[in-house]
Amino acid sequence: MMFISKGIPEKGGITAHLRIVSGGQIYTLFGLDEELWLRGRFDIAETTSPTEEQVIRNMLRIGLVEYSSAEDSEARYALLSRCVIAPAKPGKRSALRRDEKILLEWLTGAGIRLTLSELVYLFSNRVRPKQDLLGEENRQALVERIYTDETSDDGILEAKMAKAAKRDDVVDALLGLLKKKRVVLL
């Protein structure tokens, strides 16, 4: 089973007990829960025992992880699709690849919180973050650019982007931003 952690460590960092803020709640983790949450904090991780799988299922119930029993590239996309992607507060800056820069510009500049499927759509259609699509004043233009007659029905965009050629590139860029602490998953 593969999983990824959600939430933000409470200010003050990691201490004897890990405190995670998620959904307006604070959860204190220790022992195996803490170890597993940290393992999935910056990348997709895998469980190694039935005990770990049970701990992950318990953390799923309170919203601290997402998991998948499948372990292929489509499952990686599905796993990250169930997370809310948010830009992290500015901190130490590390060098970004071109695709990571574009992805981060969309995440920080769009007037809406973009989903993974919307980001895959933008990359697949080579839509670049330009002034006429960025900011709150242009959010309607961005929504209209993404949601056309072909993608506006419920679930259509997600299903199409699950098979898109750029899907894995966007997933890799997102995971790169996560590792570089430029985004958080909620």
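The structure under discussion appears in the preceding block.
Not measured: the values here are computed from a predicted model.

1. Quick notes on the sheet that holds strand β4 (residues 25-29)
At step 1: Read across the sheet, 3 strands follow the order β2-β3-β4 without closing on themselves; strand pairing throughout is antiparallel. Only two strands of the sheet have a single partner each, and these edge strands are β2 (8-9) and β4.
At step 2: For strand β3 (residues 18-22) and β4, the ladder comprises 5 bridges, and the chain directions are antiparallel. Counterpart to Val-21 in the pairing with β4 is Ile-26.
At step 3: Its contacts with the sheet put helix α1 (residues 31-39) on β2, β3 and β4, and the angle it makes with β3 is roughly 60 degrees.

2. Brief notes about the pattern of salt bridges
At step 1: All chains considered together, the criterion is met by 15 salt bridges.
At step 2: Members of the salt-bridge network, linked through shared partners, are Arg-97, Asp-99, Glu-100 and Lys-180.

3. A closer look at helix α3 (residues 73-81)
At step 1: Considered for burial, the residues of α3 that qualify are Ala-75, Tyr-77, Leu-79 and Leu-80.
At step 2: Turning to α3, the residues buried within the fold contact β1 (2-5), β6 (65-68), α5 (116-124), α7 (156-161), α8 (167-179) and β8 (183-185).

4. Describing the nonpolar core
At step 1: Ile-4, Leu-80, Leu-103, Trp-106 and Leu-116 are the most contacted members of the largest nonpolar core, which totals 41 residues.
At step 2: When residues of this core are assigned to their parent elements, the largest contribution, 7 residues, is made by α8.
At step 3: Filtering out sequence-adjacent residues up to four positions away, Leu-116 remains in contact with Tyr-77, Leu-80, Ser-81, Ile-85, Val-170, Val-171 and Leu-174.
At step 4: In this structure, Leu-18, Val-55, Met-59 and Leu-64 belong to the second largest nonpolar core, which totals 14 residues.

5. Regarding the side chain of Ser-68
At step 1: Of note, Ser-68 is situated in strand β6.
At step 2: A polar side-chain atom of Ser-68 sits 3.1 Å from the main-chain carbonyl oxygen of Ala-70.
At step 3: The contact partners of Ser-68, leaving out residues within four places of it in the chain, are Met-1, Met-2, Ala-75, Leu-79 and Arg-82.

6. Concerning the packing of helix α4 (residues 98-109) against α8
Between two packed helices, the angle of one axis relative to the other and the distance separating the axes together describe the packing.
At step 1: Running from amino to carboxyl end, α4 crosses α8 at an angle of 80 degrees, the nearest separation of the two axes being 9 Å. Judged by the angle between their axes, α4 and α8 are roughly perpendicular. Across from Asp-99, Glu-100, Leu-103, Leu-104 and Leu-107 in α4, the residues of α8 making contact are Asp-169, Val-170, Ala-173, Leu-174, Gly-176 and Leu-177.
At step 2: In terms of residue class, the contact of α4 with α8 is built from 7 nonpolar, 1 polar and 3 charged.

Criteria and cut-off values
- Residues numbered from 1 in each chain as written.
- Predicted model: local features only at pLDDT ≥ 70, side-chain atom pairs only at ≥ 80, totals over all residues.
- Heavy atoms only, no water.
- Pairing = 2+ DSSP bridges.
- Helix = DSSP H or I, 4+ residues; strand = E, 2+ residues; numbered from the N terminus.
- Contact = heavy atoms within 4.5 Å.
- Axes fitted to C-alpha atoms, helices over the stretch in contact; angles between N-to-C directions.
- Salt bridge = Lys/Arg side-chain N within 4 Å of Asp/Glu carboxyl O.
- Buried < 20%, exposed > 50% of the residue type's maximum accessible area, 1.4 Å probe, protein only.
- Core = buried A, V, L, I, M, F, W, Y, C linked by side-chain atoms within 4.5 Å.
- Polar contact = N/O pair within 3.5 Å; in protein donor to acceptor, adjacent residues only side chain to side chain.
- Parallel < 35°, antiparallel > 145°, perpendicular 65-115°, else oblique.
- Nonpolar A, V, L, I, M, F, W, Y, C, P; charged D, E, K, R; others polar.

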